[in-house]
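Observations on chain architecture
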Amino acid sequence: MRLTDEQMAARKRRNLAIALGLVAFMVLIFVTTVLNLRRNIEAAADQRAAEQAEFTAPVASGVQR
Amino acid sequence: MPTPAAPVVSTAQPEDYFQLLKPRVMSLVIFTAVTGLVAAGGDIDPLLAAIAVLCIAVGAGAAGALNMALEGETDALMRRTRGRPVAAGRVRRDDALTYGAVLSLFSVMLLGMAVNWVAAGLLALTIAYYAGFYTLLLKRRTPQNIVIGGAAGALPPVIGWAAATGSAPWQAWLLFLIIFLWTPPHSWALALYSAGDYARAGIPMMPVARGAKSTRLQIWLYSLVFVPVAILPAFVGLGGLIYLAASVAGGLAFLALAFRLWRSRAGDAPDKAEAVGREAALYDVRAEAKPARDLFAFSILYLMLLFAALLIERLPASQVVCPSCV
């Protein structure tokens, strides 16, 4: 089947819109992944710091006694 | 009148696919979702919050696309909707269905990944409720269609709240209740001056099924319940002085317009645009139907005002400028 110029032009514009949509979706997935990784790393660091403080606190109070 | 047959090779433009998302409805969804998200507080990353709002908007748009795909034939019978892409034959029904389904899937998945699965679950529920329950089951079966179906339109602030905090406490459901109770007076005011359209399409909207007089009374009764609920956030710590002033002043105007509509004869005769067979326009109605048009227009303004007041008060910047207002 031979497409008319109008059909070809419409198809081209739709394809371009789909491509842009897919690229935007990939960017959003990437940004989401990076932000969630950063949040998890910060949460892990906070947890480590809290555990460290818990571990050293009794020792420090024992020394004072 | 059946939907005009779409060409075998589509000539649909990207703009037609954008129209499938119901951009005007989407803008209200974005606004209420942002308000829910900001009102919730929480420590969500601003970029993740923006992605969450985008997902909610696209999800709501996808529900709109599914609705247009499923209602193409009905839309073609009504002046207000016959220019829609599927109804006008510019986009094929199957294409619109696929488009809506893909966007639904992508928006729910991304929202779950970006923030949490409570918000994603609520978004999925909204889409299924609107496209499935409301469009396929309710709309043609009962004059209470928009009352029950209004829940879908009322969910975005709850989704926004859940996106920020991972939960949906009663404050979020209070925002839901405001939109839920706002929907009947808003929709029935519109239906009063476009009842002929609904009758032609076989949709049992309240003025078609119960008559204009009963609809005007129900609008008034719903308004009596809606306005106090709209003011409630000011007394439960959700809204401050700005919200109180906006909700009371706007609420009184809303009640005055609803009362005027109740005492009017709006909807008793076919509207002017319908009588002369032209395209419907918001300000092109019979003199008797003007109270309905006025309430319809003001209801949009009032809802925007309520959520704008809440948004302004809850933004971190305004808490610095005027702590006593919030």
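Preceding block: the structure.
Residues numbered from 1 in each chain as written. Chains lettered and ligands numbered in written order. Predicted model: local features only at pLDDT ≥ 70, side-chain atom pairs only at ≥ 80, totals over all residues. Heavy atoms only, no water.

1. Quick notes on the overall build of chain A
- Summing up its helical and strand segments, chain A has one helix and zero strands in all.
- Split into buried and exposed, the 65 residues of chain A put 12% on the buried side.
- Accessible area for chain A stands at about 5,600 Å²; split by element, carbon and sulfur atoms hold 64% of it. (Helix = DSSP H or I, 4+ residues; strand = E, 2+ residues; numbered from the N terminus. Buried < 20%, exposed > 50% of the residue type's maximum accessible area, 1.4 Å probe, protein only. Areas by Shrake-Rupley, 256 points an atom, 1.4 Å probe, with all protein chains shown as cover.)

2. Quick notes on the environment of B:Ala297
- Inspection of the secondary structure assignment puts B:Ala297 in helix α15 (residues 290-314).
- When the C-alpha atoms of B:Ala297 and B:His186 are compared, they prove to be 8.3 Å apart, with 111 residues separating the residues in sequence.

3. What to know about the packing of aromatic side chains
Residue and element names in this part refer to chain B.
- Summed over the entire model, instances satisfying the criterion amount to 16 aromatic pairs over all chains.
- A centroid spacing of 5.2 Å and a plane angle of 70 degrees characterise the contact between Trp173 and Phe176, whose relative ring orientation is edge-to-face. Of this pair, Trp173 and Phe176 both sit in helix α9 (residues 170-192), three residues apart, which is roughly one turn of the helix.
- Take Trp173: its relative accessible area is 34%, and that puts it in the partly exposed class.
- Geometry around Trp262 places Arg263 over its ring, the cationic atom sitting 4.7 Å from the centre. (Phe/Tyr/Trp six-rings, centres within 6.5 Å; stacked < 30°, edge-to-face > 60°. Lys NZ or Arg CZ within 6 Å of the ring centre and 35° of its normal.)

4. Here we look at the layout of surface pockets
- Here the second largest pocket defines a volume of roughly 1,000 Å³.
- Together, 31 residues line the second largest pocket, and A:Ala17, A:Ile18, A:Gly21, B:Tyr99 and B:Leu103 are the ones closest to its centre.
- Contributions of two or more residues to the lining of the second largest pocket are made by α1 (5-64) of chain A together with α1 (14-19), α2 (23-40), α3 (46-70) and α5 (93-114) of chain B.
- Top element by residues in the lining of the second largest pocket is α1(A). It accounts for 11 residues.
- Taken together, the residues that form the lining of the second largest pocket break down as 23 nonpolar, five polar and three charged. (1 Å grid on protein atoms, 1.4 Å probe; cavity = no way out; pocket = protein on both sides within 12 Å on 5 of 7 lines; lining within 4 Å. Points joined across faces, edges and corners; volume = space filled by probe spheres on them. Nonpolar A, V, L, I, M, F, W, Y, C, P; charged D, E, K, R; others polar.)

5. Considering a nonpolar patch on the surface
- A contiguous nonpolar surface patch, about 750 Å² in accessible area, is contributed by A:Ile18, A:Leu22, B:Val102, B:Leu105, B:Phe106, B:Met109, B:Met113 and B:Trp117.
- Counting residues per element, the nonpolar patch draws most heavily on α5(B), which supplies five residues.
- The topology assignment puts B:Trp117 in helix α6 (residues 117-138). (Patch = residues over 30% accessible without salt bridge, like charges linked within 9 Å, V, L, I, M, F, W, Y side chains within 5 Å. Salt bridge = Lys/Arg side-chain N within 4 Å of Asp/Glu carboxyl O.)

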